[in-house]
Amino acid sequence: MGTALDWGLKGYNNYGTYLREHYDGKRVFKVIVDGGFTCPNRDGSKGYGGCTYCNVDSFTPELSRKLPTIKEQLVEGMQRARNSYRAEKFIVYFQPNTNTYAPTHYLKMMYDDALSVNNEDVVGFAVGTRPDCIDAEKVALLESYTDRYDVDLEMGMESIYDETLDQINRGCSHGEFVAAVKLLQNTKLNLCVHTIFGFPWETREMMRGYIYEINRFPQIKFVKFHHLHIVEGSIMGVKYKREPFKLFSLEEYTDLLCELIPLLRPDIVIQRLFGISDWDLLIDPNWGMKKSAIQSYIDKEIERRGVVQGSLYQKM
């Protein structure tokens, strides 16, 4: 007979199922493009050095780091996805750094250039940014593409506590995040919010607060959950090597997810349950498993415990 998981049924709204249902069974993959952006927390506008956990190469595939033009990155990325994963349709994904951190006319030129590649097979457009780099003009620009594509705006919340944001040199407050989310009320954009669980000074109760905060904004459609991991080239990495601190084991992190998922609003789609860098950049925690094995472990534990997204959700 097999389990529900064997049939592809999970106890949470997972992104893979969402894509298959939304695009009529087509195999849809994101293709990451590096637009050469920087960040106000790196170039001196707000600070230098960036967030203490961040090394931008840790979440940028080697392919997009080496190719010189946006079009070349997309052509190569699409072909690789076709060959490796039998991809049929694509989401153009501006991921590294802050992809709305430029004048609107420049952003339009860059976005148009990317979206001119393979018009027939591109179904979506995703842009990663910071809360302090969004305004009404840029929202309007992104909305101008929604007549042709599904447009996702990905924004880092990371923590809801200003004390944490100060400690990690985030360069913006949670109030700025809330203001950006409110700017997106009744938007045509799909808002995706990132969180990082496991800052060593935050308690489990504090982490539950992330979920309650996400739940109160109906405009949040997607979430990406990450556990704190330490990477080479980051300020936190230097500090960790000098004086290591507590990080999640896989078992501990899975236990946290099993507690948080039932609290999460049931309509929200979970794009990611964890995020780790390439092996050559990862310092800790090293769980000794490939990403697919980590995903399988978490999914099996969620099923074993009977976890169901939203089963403990309470409307505020």
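Let us look at the structure shown here. (Residues numbered from 1 in each chain as written. Predicted model: local features only at pLDDT ≥ 70, side-chain atom pairs only at ≥ 80, totals over all residues. Heavy atoms only, no water.)

Quick word on the sheet that holds strand β5 (residues 190-197)
Strand order in the open sheet formed by 7 strands is β1-β2-β3-β4-β5-β6-β8, and the pairing between neighbours is parallel. At either margin of the open sheet sits one strand with a lone partner, and together these are β1 (28-33) and β8 (269-272). With strand direction ignored, the average angle separating the axes of adjacent strands in the sheet is 25°. Sheet analysis places β1 next to strand β2 (residues 89-94), joined by 6 bridges and oriented parallel. (Pairing = 2+ DSSP bridges. Helix = DSSP H or I, 4+ residues; strand = E, 2+ residues; numbered from the N terminus. Axes fitted to C-alpha atoms, helices over the stretch in contact; angles between N-to-C directions.)

Focus: the side chain of Arg 170
The topology assignment puts Arg 170 in the loop between α6 (162-167) and α7 (174-183). A polar atom in the side chain of Arg 170 sits 3.1 Å from the backbone oxygen of Gly 156. Once residues lying within four places of it in the same chain are set aside, the contact partners of Arg 170 are Asn 41, Cys 51, Tyr 53, Arg 130, Pro 131, Gly 156, Glu 158 and Leu 165. (Polar contact = N/O pair within 3.5 Å; in protein donor to acceptor, adjacent residues only side chain to side chain. Contact = heavy atoms within 4.5 Å.)

Remarks on the pairing of strand β3 (residues 122-129)
Most of β3 is tucked away: 8 of the 8 residues are buried. Across 5 bridges, the pairing between β2 and β3 is parallel. Looking across to β3, one finds that Ile 91 is bridged to Gly 124. Regarding the hand of the β-α-β motif, the stretch spanning β3, helix α5 (residues 136-143) and strand β4 (residues 150-158) is right-handed. (Buried < 20%, exposed > 50% of the residue type's maximum accessible area, 1.4 Å probe, protein only. Right-handed = clockwise from strand over helix to strand, strands pointing away.)

Describing the packing of aromatic side chains
Under the criterion given, the structure shown has 16 aromatic pairs. Judged by centre distance (6.3 Å) and plane angle (70°), the rings of Tyr 111 and Tyr 145 are edge-to-face. In this pair, Tyr 111 sits in helix α4 (residues 104-115) while Tyr 145 sits in the loop between α5 and β4, placing the two residues 34 residues apart along the sequence. Ring plane angle 85° and centroid distance 5.0 Å describe the contact between Tyr 240 and Phe 245, whose orientation is recorded as edge-to-face. What makes Tyr 240 buried here is its relative accessible area of 10%. A residue is classified by how much of its surface remains accessible, and Phe 245, at 23% relative accessible area, is partly exposed. An aromatic cluster of at least three residues, connected via ring pairs, comprises Phe 94, Tyr 111, Phe 125 and Tyr 145. The residue whose ring lies beneath Lys 30 is Tyr 93, and the NZ or CZ to ring-centre distance is 4.6 Å. (Phe/Tyr/Trp six-rings, centres within 6.5 Å; stacked < 30°, edge-to-face > 60°. Lys NZ or Arg CZ within 6 Å of the ring centre and 35° of its normal.)

Observations regarding empty space enclosed by the protein
Empty space among the atoms becomes apparent when a probe as large as a water molecule is rolled across them. Using the criterion set out here, one finds 2 cavities of 30 Å³ or more in the structure. Of the volumes computed, that of the largest cavity is approximately 50 Å³. Lining the largest cavity, in full, are Tyr 15, Tyr 18, Leu 19, His 22, Tyr 23, Ile 91, Gly 124, Asp 150, Asp 152, Asn 190 and Phe 222. Those elements giving two or more residues to the lining of the largest cavity turn out to be α1 (15-22) and β4. Residue contributions to the lining of the largest cavity peak at 4 residues, all from α1. Broken down by class, the residue content of the lining of the largest cavity amounts to 6 nonpolar, 3 polar and 2 charged. As a volume, the second largest cavity reaches approximately 40 Å³. Forming the walls of the second largest cavity are Pro 131, Gly 156, Met 157, Ser 159, Leu 165, Arg 170, Cys 172, Ser 173, His 174 and Phe 177. Sorting the residues of the lining of the second largest cavity by element identifies β4 and α7 as the ones contributing at least two each. In terms of residue class, the lining of the second largest cavity is made up of 5 nonpolar, 4 polar and 1 charged. (1 Å grid on protein atoms, 1.4 Å probe; cavity = no way out; pocket = protein on both sides within 12 Å on 5 of 7 lines; lining within 4 Å. Points joined across faces, edges and corners; volume = space filled by probe spheres on them. Nonpolar A, V, L, I, M, F, W, Y, C, P; charged D, E, K, R; others polar.)

Let's talk about the pattern of salt bridges
Following the criterion strictly, the structure yields 20 salt bridges and no others. Across the pair Lys 108 and Asp 112 runs a salt bridge, and its minimum N-O distance is 2.7 Å. Taken together, the residues span about one helical turn, with Lys 108 and Asp 112 both in helix α4 at a distance of 4 residues. The exposure class assigned to Asp 112 is partly exposed, which follows from its relative accessible area of 29%. (Salt bridge = Lys/Arg side-chain N within 4 Å of Asp/Glu carboxyl O.)

Quick notes on the nonpolar core
Counting 84 residues, the largest nonpolar core has Phe 94, Phe 125, Phe 197, Phe 225 and Leu 273 as its most contacted members. By size, the runner-up hydrophobic cluster in this structure holds 12 residues, among which are Ile 91, Tyr 93, Ala 126 and Val 269. (Core = buried A, V, L, I, M, F, W, Y, C linked by side-chain atoms within 4.5 Å.)

Keep in mind these numbers describe shape, not what the thing actually does.
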